[in-house]
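# Reading the structure
Letter by letter, the chains look like this.
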Amino acid sequence: MTHPDINSGHMDSQTGKLGMWIFLFTELFLFGGLFLVYAVFRATYSEDFHKAARELNAFIGTLNTIFLLVSSMTVAMSLTAIQKKQKNLAIFLVLSTLFLAALFMLNKYFEWSHKFHFKLYPGSEVLKNLARGELLFFGLYYMMTGLHALHVLVGMILLSVNLVKIRSGWITSKNYLLLENSALYWHLVDLIWIFLFPLLYLIT
Amino acid sequence: MMDHEEVHVSSYASLAKVLVALLILTTISVSATGWHLGAITAAVALVIASIKVGTVITYFMHMKFESLFLKLLVTGVFFIFALVIIITFIDYLLR
């Protein structure tokens, strides 16, 4: 075996990616706790959860699933483009990802506004007078989708930083760890939504 | 030995195929709500979601082409994650 050069880009990239994965594990357990709370309350108040979940619009949920899945592909493709030295294509693909993320947030905005219109928001009189299980469902719905939306926003900021750094030539076919790790983060946002979507919107 | 390894570059076509597979799984998942499966509805939805998550990790997150160390680490942590959720939930159900 040759002596690995600790200053080589390859070693940097391996350790950098390992660090990112360890961070992603903490994110996984953060949402895992909420999934568990959801599962327990769903088992306790299954009738109420059934009733409350029907308030959610499965069409909006499906649309947002598609936006996130496509954006996951475009961000993965942007990495391929950088590795193949296709800088303009990489910029276009990161922009597409940001565009899809914005569509997701816009959809979420309309979805939440619609519920707020019917006074279904945390702490409202309408919500307080609902059955205990329904109150818990909406509490978890806002907490889980809200925390997820916060992750989408952080992902958008990260991707914007990448956009600037690709344009300026800081991210290149030899130095793309930042884009690689940001893409991993973006995929995690997608992974969490893949579980949230059936739990909240489909299983009614 | 390892440090001159070729970096695997995912092709655009393969990434597009993965997306098609994910969209098909989403369609199945959405239409499954109309099949009136009763008690196993949740299980079906979660199994499909798990397949989707596995696909995203393998191809989009490039796990298929990572080192054995990272593969074992990720598999191990997801296994522990599943155990934590399942065992805690069973503990609750059997109380």
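Remember, it's a predicted structure, so these values are computed and weren't measured experimentally.

### So, the overall build of chain A
Scanning chain A for helices and strands turns up 7 helices and 0 strands. Going from N to C terminus, chain A has its helices and strands arranged as α-α-α-α-α-α-α. Once local pairs closer than 6 in sequence are excluded, the contacts in chain A between residues at least 24 apart make up 81%. Looking at charge distribution, chain A has the averaged site of its 15 positive side-chain charges lying 8 Å from that of its 11 negative ones.

### Concerning the interface of chain B and chain A
The interface is formed by 45 residues belonging to chain B together with 49 residues belonging to chain A. Each partner contributes to the roughly 4100 Å² buried at the junction of chain B and chain A, and carbon and sulfur atoms together form 81% of this total. The interface formed by chain B and chain A contains 1 salt bridge. Between B:Glu66 and A:Lys17 there is a salt bridge whose closest N-O contact spans 2.9 Å. At the boundary of chain B and chain A, one finds 6 residue pairs in polar contact (both at pLDDT 80 or more). Looking at the side of chain B that touches chain A, the elements that each hand over two or more residues are helix H1 (12–32), helix H2 (41–60) and helix H3 (68–93) of chain B. Top element by residues in the side of chain B that touches chain A is H3(B). It accounts for 14 residues. For the side of chain B that touches chain A, the class distribution of residues is 34 nonpolar, 8 polar and 3 charged.

### Focus on the side chain of A:Thr65
Along the chain, the position of A:Thr65 falls in helix H3 (residues 58–83). Judged by relative accessible area, which is 1%, A:Thr65 ranks as buried. Of the polar contacts made by the side chain of A:Thr65, one reaches the backbone oxygen of A:Gly61; its length is 2.8 Å. Setting aside anything within four residues of it in sequence, one finds A:Thr65 in contact with A:Trp193, A:Phe197, B:Thr26 and B:Lys52.

### Re the packing of aromatic side chains
Residues and elements named next belong to chain A. One pass over the full model with this rule turns up 19 aromatic pairs over all chains. Their ring planes at 85° and their centres at 5.4 Å tell us that phenylalanine 49 and phenylalanine 137 sit as a pair that is edge-to-face. Of this pair, phenylalanine 49 sits in helix H2 (residues 46–53) while phenylalanine 137 sits in helix H6 (residues 132–167), and the two are 88 residues apart along the sequence. Accessibility classification places phenylalanine 49 together with phenylalanine 137 in one group, the buried group. Here tyrosine 141 and tyrosine 142 contribute two aromatic rings whose centre-to-centre distance is 5.0 Å and whose plane-to-plane angle is 65°, an arrangement assigned as edge-to-face. In this structure, tyrosine 141 and tyrosine 142 share a single accessibility class: buried. An aromatic cluster of three or more residues is present, and its members are Tyr38, Phe49, Trp112, Phe116, Tyr121, Phe137, Phe138, Tyr141 and Tyr142. The lysine or arginine in question, lysine 165, covers the ring of tryptophan 170, its NZ or CZ lying 4.0 Å from the ring centre.

### Side note on the environment of A:Leu93
Tracing the sequence through the fold places A:Leu93 in helix H4 (residues 87–117). C-alpha separation for the pair A:Leu93 and A:Leu163, spaced 70 residues apart in sequence, amounts to 9.7 Å. What A:Leu93 contacts, discounting residues up to four positions off in sequence, is A:Thr74, A:Met77, A:Ser78, A:Ala81 and B:Tyr12.

### Section: H3(A)
Residue and element names in this part refer to chain A. Along its 26 residues, H3 runs 38 Å from first to last C-alpha, staying within 8% of the 38 Å computed at 1.5 Å per residue. Burial within H3 is extensive, with 21 of its 26 residues counted as buried. Sitting at the head of H3, asparagine 57 places a side-chain oxygen 2.9 Å from the backbone nitrogen of phenylalanine 59. Directly after H3, the chain includes lysine 85, whose backbone phi takes a positive value near 60°.

Rules of the game
- Residues numbered from 1 in each chain as written.
- Chains lettered and ligands numbered in written order.
- Predicted model: local features only at pLDDT ≥ 70, side-chain atom pairs only at ≥ 80, totals over all residues.
- Heavy atoms only, no water.
- Helix = DSSP H or I, 4+ residues; strand = E, 2+ residues; numbered from the N terminus.
- Contact = heavy atoms within 4.5 Å.
- Lys, Arg positive; Asp, Glu negative; His and termini not counted.
- Charge placed at Lys NZ, Arg CZ, Asp CG, Glu CD.
- Buried area = accessible area lost by both parts, 1.4 Å probe.
- Salt bridge = Lys/Arg side-chain N within 4 Å of Asp/Glu carboxyl O.
- Polar contact = N/O pair within 3.5 Å; in protein donor to acceptor, adjacent residues only side chain to side chain.
- Nonpolar A, V, L, I, M, F, W, Y, C, P; charged D, E, K, R; others polar.
- Buried < 20%, exposed > 50% of the residue type's maximum accessible area, 1.4 Å probe, protein only.
- Phe/Tyr/Trp six-rings, centres within 6.5 Å; stacked < 30°, edge-to-face > 60°.
- Lys NZ or Arg CZ within 6 Å of the ring centre and 35° of its normal.
- Expected span 1.5 Å × (residues − 1).

Everything listed here is a matter of geometry and, on its own, says nothing about what the molecule does.
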